[in-house]
Amino acid sequence: MASDGASVTARPGAACGETRPSSLRRTLLLGILLPVFGFVLINTVVLYRQALTAADTAYDRTLLATAKSLGEQLEVVSNGGEPRVKSSVLYSALEAFEADNRSRLFYRVSGFSGELVSGFEDLPRWRENLPAQKIYAALVHFYDDEYRGVPVRMAVLLQPVSGLGGQGMATIQVAETLELRETLARQILLDTLWRQAVLVIVIALVVVLVVQRATRPVRALSHALGARSDNDLAPLPTAGAPRELLPLLDATNQHMQRLAHLLAHQKRFVRDTSHQLRTPLAVLKVQVQSALRGDIGPMQAFEEIGHTVERANELANQMLALAKVEQLREDHTTPRTDWADVVRDVALDLSALIAERSLDFSLDTSPAPVRSHLWALRELSRNLLHNAIKNTPEGSRLAVSLVRDARTAALTISDSGPGISPTLRERLFEPFATETGAGSASTGSGLGLAICLGIVRSLGGSIELTNRVANAKVKGLDATVRLPLAREAA
């Protein structure tokens, strides 16, 4: 049994059933060398068979010459009976046709009726018809057979024989053992194999060198990425990279850009949140301490604490909404939502504020289906309308209109406030910038328009704030947002 202090360390990647990653170089080598090796193997077999055929053709000529030589020694005799074939050839005459002592020749000469005239009586007789020939005359045929337990190559020649005693067709068979042919075939095979082996080795070396050189940029890229720090999201250099790697580098750089953007947004979100929430929390702490000391009455303390908590709650909701906008950029499955319904619902939610300020409010909407989540359109419309309500003097006019054309829908909120100054316009959409007009007290958290800008950009639209001027005097501010209509409605 193991002791109590024994421990087992799990090695990364050693999990049961985990497959090893494939090697690009191994894949390239196998993908190139295996087909080459298969082709060389098939080519070797084909060349060997062609060499055998050529060898058979060459040695078959010797057999044919032997058979013709035997045929020249035939004559027809007749002793008052039927004519018959007579041969005066001796076996020693065949020595001239034997290439060397590695092969032997056998022959048989048959007469007009198939009787043995000369040669080896036990040589198998030929009893077939002559097939069509392409190389030799139609009266000769070559085939493989066996004689005395040894494979032989047989040549059959039908030789016309004529004389004073008569005429007819004699059958001449010449058989040769295959030692010489097999020796030649093995030599051809060996010569072919070593040449093909040298060819495969040369191809393998070339492929290894080429693959090694071709994968060098991939190895360099992996080394460069491995040497980077955790926070280094700079784009990878594409100069000098192979054309096949450019799509991978571009996709990697785009991904790094998105990660850098998300990381920067996260850092900014944490920084802004810690900075902005510190103030209301500090104020809340002072108010509670003041109430505990009895500096102010309970009702006044509760009222001040309630305002501070409401302010902190509004700030927290806006910070969460701003963070949620980043998720909207990565979401490509947005539903189809009617913007007009959202605008009417937001106006109904804020109707108490409109009535409290006695505003001359008008609402005119047309159906405008767009691709967006419901919460994004509500946040966008609510921020713009709530901002306009705060900046519109009591009893003044506030108009909301939603119109559409063939491609876009446009929401315009026209207030009667002081407008915005040129200096404020440059930083109005930045987080925690002032949202009020020139000459007015700063109100709001400075996140409303930043949230609106993020939502509009994520939806592929545009937002514009324009002072409404009449007689060289600012009469109010027009906030216009344009979003593309959903394709089904375009």
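Anything mentioned here points back to the structure above.
Treat the numbers as computed from the prediction; the structure is a model and nothing was measured. Residue numbers run consecutively from 1 along every chain, following the written order of its sequence. Thresholds applied to this predicted model are a pLDDT of at least 70 for local features of residues and 80 or more for the giving and counting of side-chain atom pairs; totals over whole chains, interfaces and linings are not thresholded and use all residues. With hydrogens and water excluded, all non-hydrogen atoms of the structure serve as input to the side-chain values.

S.K.: How should the sheet that holds strand E9 (residues 360–365) be read in this particular structure?
M.R.: As a general point, the strands of a sheet are linked pairwise by backbone hydrogen bonds and lie either parallel or antiparallel. Two strands qualify as a pair provided DSSP detects at least 2 bridges between them. The way it works is that DSSP assigns letters per residue, a run of H or I at least four long becomes a helix, a run of E at least two long becomes a strand, and they are numbered from the N terminus. Read from one edge of the open sheet, 5 strands run E9-E11-E12-E14-E13, paired in mixed fashion. The open sheet is flanked by E9 and strand E13 (462–470), the only strands paired with a single partner. Averaged over all adjacent pairs, the angle separating strand axes in this sheet is 15 degrees, with direction ignored. In this sheet, strand E12 (residues 408–414) lies alongside strand E11 (residues 397–404) in antiparallel orientation, the contact comprising 6 bridges. Throughout, an axis means a line fitted to C-alpha atoms (over the contacting stretch in the case of helices), and angles, computed between N-to-C directions, take values from 0 to 180 degrees.

S.K.: For this particular structure, what's the right way to read the pairing of strand E2 (residues 84–87)?
M.R.: Residues in a regular strand point their side chains to alternate faces of the sheet. Burial of the side chains of E2 is restricted to one face: Val85 and Ser87 are buried, whereas none of Arg84 and Lys86 on the reverse face is. Examined bridge by bridge, strand E1 (residues 74–77) and E2 share 4 bridges and lie antiparallel to one another. From the neighbouring strand, Val76 faces E2, where its bridge partner is Val85. Each residue gets one of three labels from its accessible area relative to the maximum for its type: buried under 20%, exposed over 50%, partly exposed in between, using a 1.4 Å probe on protein chains only.

S.K.: How should the nonpolar core be read in this particular structure?
M.R.: Nonpolar side chains in soluble globular proteins generally cluster together in the buried interior. Working definition of a nonpolar core: buried Ala, Val, Leu, Ile, Met, Phe, Trp, Tyr and Cys residues. They are joined through side-chain atoms within 4.5 Å. Trp339, Leu380, Leu384, Leu385, Ile413, Val481 and Leu483 are the most contacted members of the largest nonpolar core, which has 41 residues in total. Elements supplying a minimum of two residues to this core: helix H6 (339–349), helix H8 (374–391), E11, E12, helix H10 (448–458), E13 and strand E14 (473–484). Here this core takes 7 residues from H8, the largest share from any one element. Any pair of residues with heavy atoms lying within 4.5 Å of one another is described as a contacting pair. When near neighbours in sequence (up to four residues on either side) are disregarded, Leu385 contacts Val346, Ala347, Leu350, Phe361, Leu398, Val400 and Ile413. Listed in part, the 29 residues of the second largest apolar core include Ala67, Leu70, Leu74 and Ala175.

S.K.: How should unusual backbone geometry be read in this particular structure?
M.R.: Trans is the prevailing form of peptide bonds, just as negative phi is the prevailing case for residues other than glycine. Positive phi, close to 55 degrees, is recorded for Ser358, a residue that is not glycine. Along the chain, Ser358 falls in the loop between helix H7 (351–356) and E9. Unlike most non-glycine residues, Asn471 shows phi in positive territory, near 55 degrees. Mapped onto the elements, Asn471 comes out in the loop between E13 and E14.

S.K.: Is there a simple way to explain the packing of H8 against H10 in this structure?
M.R.: Each packed pair of helices is defined by two parameters, the angle between the axes and the distance between the axes. One can describe the packing of H8 onto H10 by two numbers: an axis separation of 9 Å at closest approach and a directional angle of 145 degrees. You can see that H8 and H10 cross each other, and the crossing is left-handed. For the pair formed by H8 and H10, the contact residues are Ala376, Glu379, Leu380, Asn383, Leu384 and Asn387 on the first element and Gly448, Leu449, Ile451, Cys452, Ile455 and Val456 on the second. Residues are grouped as follows: nonpolar covers Ala, Val, Leu, Ile, Met, Phe, Trp, Tyr, Cys and Pro; charged covers Asp, Glu, Lys and Arg; every other residue, Gly included, is treated as polar. Tallied by class, residues from the contact of H8 with H10 come to 8 nonpolar, 3 polar and 1 charged. Each crossing is labelled by how the near helix is turned from the far one, with a counterclockwise turn of less than a right angle marking it left-handed and a clockwise turn marking it right-handed.

S.K.: Quick question: what am I supposed to make of the side chain of Gln173 here?
M.R.: Residue position: Gln173 is located in strand E7 (residues 166–177). Note on Gln173: relative accessible area 1%, which makes it buried. N or O atoms closer than or at 3.5 Å make up a polar contact, with two conditions inside protein: a donor-capable atom paired with an acceptor-capable one, and, for residues adjacent in sequence, both atoms drawn from side chains. Within the local environment of Gln173, its side chain forms a polar contact with the backbone oxygen of Pro124, the two atoms lying 2.7 Å apart. Those residues in contact with Gln173 that lie beyond four places of it in its chain are Phe106, Tyr107, Arg108, Leu123, Pro124, Arg125, Trp126, Tyr143, Met154, Ala155 and Val156.

S.K.: Honestly, the environment of Glu128 in this entry has me stumped. Any pointers?
M.R.: Positionally, Glu128 belongs in the loop between strand E4 (116–119) and strand E5 (140–147). When its relative accessible area of 55% is taken as the criterion, Glu128 is described as exposed. As a C-alpha pair, Glu128 and His141 span 13 residues in sequence and 9.9 Å in three-dimensional space.

S.K.: Honestly, the pairing of E14 in this entry has me stumped. Any pointers?
M.R.: As paired elements, E12 and E14 share 7 bridges and run antiparallel to each other. Counted as the bridge partner of Ala409 is Leu483 from E14. Bridge analysis of E13 against E14 gives 9 bridges, and the strand direction is antiparallel. Within E14, the position partnered with Ile463 by the bridge is Val481. The turn linking E13 back onto E14 is made up of 2 residues, and Asn471 within it adopts a positive phi angle of 55 degrees.

S.K.: For this particular structure, what's the right way to read the pattern of salt bridges?
M.R.: Between side chains of opposite charge, a pair can form as their charged atoms come close. Salt bridge, as used here, is a side-chain nitrogen of Lys or Arg placed within 4 Å of a carboxyl oxygen of Asp or Glu. The full count for this structure, using the stated rule, is 10 salt bridges. Across the salt bridge formed by Glu176 and Arg181, the nearest N and O atoms sit 3.6 Å from each other. Here Glu176 falls in the buried class, since its relative accessible area comes to 3%. Taking the shortest distance from any N to any O, the salt bridge between Asp478 and Arg468 comes out at 2.6 Å. Here Arg468 lies in strand E13 and Asp478 lies in strand E14, a separation of 10 residues in the sequence. Within the structure, one salt-bridge network assembled from shared partners comprises Asp56, Asp60, Asp144, Arg153, Glu176 and Arg181.

S.K.: I keep staring at a nonpolar patch on the surface and nothing clicks. Help me out?
M.R.: Without a salt bridge and with relative accessible area above 30%, a residue can belong to a patch; like charges are then joined within 9 Å and nonpolar side chains (Val, Leu, Ile, Met, Phe, Trp, Tyr) within 5 Å. Exposure was quantified through the Shrake-Rupley algorithm and a 1.4 Å probe, taking into account, for residues, occlusion by the shown protein chains and nothing else. A surface patch of nonpolar side chains, amounting to about 450 Å² of accessible area, comprises Trp194, Val198, Val202, Val206 and Val210. In this structure, Val202 sits in helix H2 (residues 179–214). Note on Val202: relative accessible area 44%, which makes it partly exposed.

S.K.: For this particular structure, what's the right way to read the packing of helix H1 (residues 24–72) against H2?
M.R.: Look at H1 against H2: their axes get within 9 Å of each other, and the N-to-C directions meet at 160 degrees. Classified by the angle between their axes, H1 and H2 sit roughly antiparallel to one another. You can see that H1 and H2 cross each other, and the crossing is right-handed. Residues that form the contact of H1 with H2 fall into these classes: 25 nonpolar, 5 polar and 4 charged. When describing relative orientation, an angle under 35 degrees is termed roughly parallel and one over 145 degrees roughly antiparallel, while 65 to 115 degrees is termed roughly perpendicular and anything else oblique.

S.K.: Looking at this model, I keep getting lost on the packing of aromatic side chains. Mind explaining?
M.R.: To describe a pair of aromatic rings, one takes the distance between the centres and the angle between the planes. Any two rings among Phe, Tyr and Trp, with Trp reduced to its six-membered ring, count as a pair given centres within 6.5 Å; such a pair is stacked if its planes are under 30 degrees apart, edge-to-face if over 60, and tilted if neither. The tally for this structure, following the rule as stated, stands at 3 aromatic pairs. Between Phe106 and Phe120, the ring centres sit 5.2 Å apart and the planes meet at 80 degrees, which makes this aromatic pair edge-to-face. Residue Phe106 is located in strand E3 (residues 105–110), and its partner Phe120 is located in the loop between E4 and E5; the two are separated by 14 residues in the primary sequence. Both residues of the pair, Phe106 and Phe120, belong to the buried class. The buried category is assigned to Phe120, whose relative accessible area is 19%.

S.K.: Even after reading the chapter, I still don't get H8, so can you show me in this structure?
M.R.: Each full turn of the α-helix corresponds to 3.6 residues, which orients residues three or four apart in the same direction. In this scheme, a helix's expected span is set at 1.5 Å multiplied by one less than its residue total. Taking 1.5 Å as the rise per residue, H8 with 18 residues should run 26 Å; its terminal C-alpha atoms sit 26 Å apart, in good agreement. Residues of H8 that are buried: Ala376, Leu377, Leu380, Ser381, Asn383, Leu384, Leu385, Asn387, Ala388, Ile389 and Asn391.

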